[in-house]
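Structure assessment
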Amino acid sequence: MGLPNRRCPNCGDTDQDFRPLDDAEKAYALGPGQVPRADLGTYRRCARAGCVRVQSYFNWRTGFDLPESFRSAAS
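My aim in this report is to walk through the structure given alongside it, one point at a time. Being a predicted model, the structure only gives us computed values, none of them experimental.

Before going further, it helps to examine the overall build of the protein chain. If you tally the helices and strands in the protein chain, you get 1 helix and 5 strands. In the protein chain, the succession of helices and strands from N to C terminus is β-β-α-β-β-β. For 75 residues, the compact-globule estimate of 2.2 N^0.38 gives 11 Å, and the protein chain sits close to it at 11 Å. Counting only C-alpha atoms and orienting by the principal axes, one finds that the protein chain spans roughly 30 × 25 × 25 Å. The proportion of buried residues among the 75 residues of the protein chain is 32%. Taken as a whole, the protein chain presents about 4500 Å² of accessible surface, with 50% of it coming from carbon and sulfur. Taken as two groups, the 11 positive and 9 negative side-chain charges of the protein chain have centres that lie 2 Å from each other.

Okay, unusual backbone geometry next. Note: most residues except glycine have negative phi, and most peptide bonds are trans. One non-glycine residue, Asp13, adopts positive backbone phi at about 55°. Examined against the element boundaries, Asp13 turns out to sit in the loop between β1 (5–8) and β2 (14–20).

This part covers the nonpolar core. Residues Leu21, Ala29, Val35, Leu40, Tyr43, Val52, Val54, Phe64, Leu66 and Phe70 constitute the largest nonpolar core, which totals 10 residues. Among all residues touching Leu66, those that are not within four sequence positions of it are Glu25, Tyr28, Arg45, Val52 and Val54. Counting residues in hydrophobic clusters, the runner-up holds 5 residues, among them Cys8, Cys11, Phe18 and Cys46.

It is worth spelling out the environment of Arg48 at this point. Looking at the element boundaries, Arg48 is found in the loop between β3 (43–46) and β4 (53–56). As for Arg48 and Ala27, which are separated by 21 residues in sequence, their C-alpha atoms are 21 Å apart.

This part is about the pairing of β1. Looking along a regular strand, one sees the side chains alternate between the two faces of the sheet. Bridging between β1 and β2 involves 4 bridges; their strand directions are antiparallel. Opposite Arg7, over in β2, you have Asp15 as the bridge partner.

We now examine the sheet that holds β1. Taken together, 5 strands build an open sheet; the order of strands is β1-β2-β3-β4-β5 and the sheet is antiparallel. Strand pairing shows two members of the sheet lacking a second neighbour, β1 and β5 (63–65), which therefore form its edges. The average undirected angle you get between the axes of adjacent strands in this sheet is 40°.

Applying the stated criterion to the full structure yields 3 aromatic pairs. Ring centres 6.1 Å apart and planes at 45° place the aromatic pair Tyr28 and Phe64 in the tilted group. Taken as a pair, Tyr28 in helix α1 (residues 23–29) and Phe64 in strand β5 lie far apart in primary sequence, 36 residues in all. Of the residues examined, Phe64 reaches a relative accessible area of 11% and is grouped as buried. With a centroid separation of 5.1 Å and 85° between ring planes, the pair formed by Tyr57 and Phe58 is classed as edge-to-face. For Tyr57, a relative accessible area of 30% corresponds to the partly exposed category. For Phe58, a relative accessible area of 66% translates into the label exposed. Through a chain of ring-to-ring contacts, the aromatic side chains of Tyr28, Phe64 and Phe70 assemble into a single cluster. The lysine or arginine in question, Arg6, covers the ring of Tyr57, its NZ or CZ lying 4.0 Å from the ring centre.

The rules behind the values
- Residues numbered from 1 in each chain as written.
- Predicted model: local features only at pLDDT ≥ 70, side-chain atom pairs only at ≥ 80, totals over all residues.
- Heavy atoms only, no water.
- Helix = DSSP H or I, 4+ residues; strand = E, 2+ residues; numbered from the N terminus.
- Rg over C-alpha atoms; globule rule 2.2 N^0.38 Å.
- Buried < 20%, exposed > 50% of the residue type's maximum accessible area, 1.4 Å probe, protein only.
- Areas by Shrake-Rupley, 256 points an atom, 1.4 Å probe, with all protein chains shown as cover.
- Lys, Arg positive; Asp, Glu negative; His and termini not counted.
- Charge placed at Lys NZ, Arg CZ, Asp CG, Glu CD.
- Core = buried A, V, L, I, M, F, W, Y, C linked by side-chain atoms within 4.5 Å.
- Contact = heavy atoms within 4.5 Å.
- Pairing = 2+ DSSP bridges.
- Axes fitted to C-alpha atoms, helices over the stretch in contact; angles between N-to-C directions.
- Phe/Tyr/Trp six-rings, centres within 6.5 Å; stacked < 30°, edge-to-face > 60°.
- Lys NZ or Arg CZ within 6 Å of the ring centre and 35° of its normal.

As structure tokens, then:
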């Protein structure tokens, strides 16, 4: 089974693969005002190179951009 394919507003509203968050991304997402700990497992990061979008698996409107320092770490 491949990565989930969802709409990414940062990639021109096209469907992209989304992967689970790594440890550094999880730590950032748990920061003030981002993602409640109970919901962390439902968030995924766009797997397109250079994209920093993190969003809920269930609702593409619920998300945020990681800081630029995460851009080079894109898979």
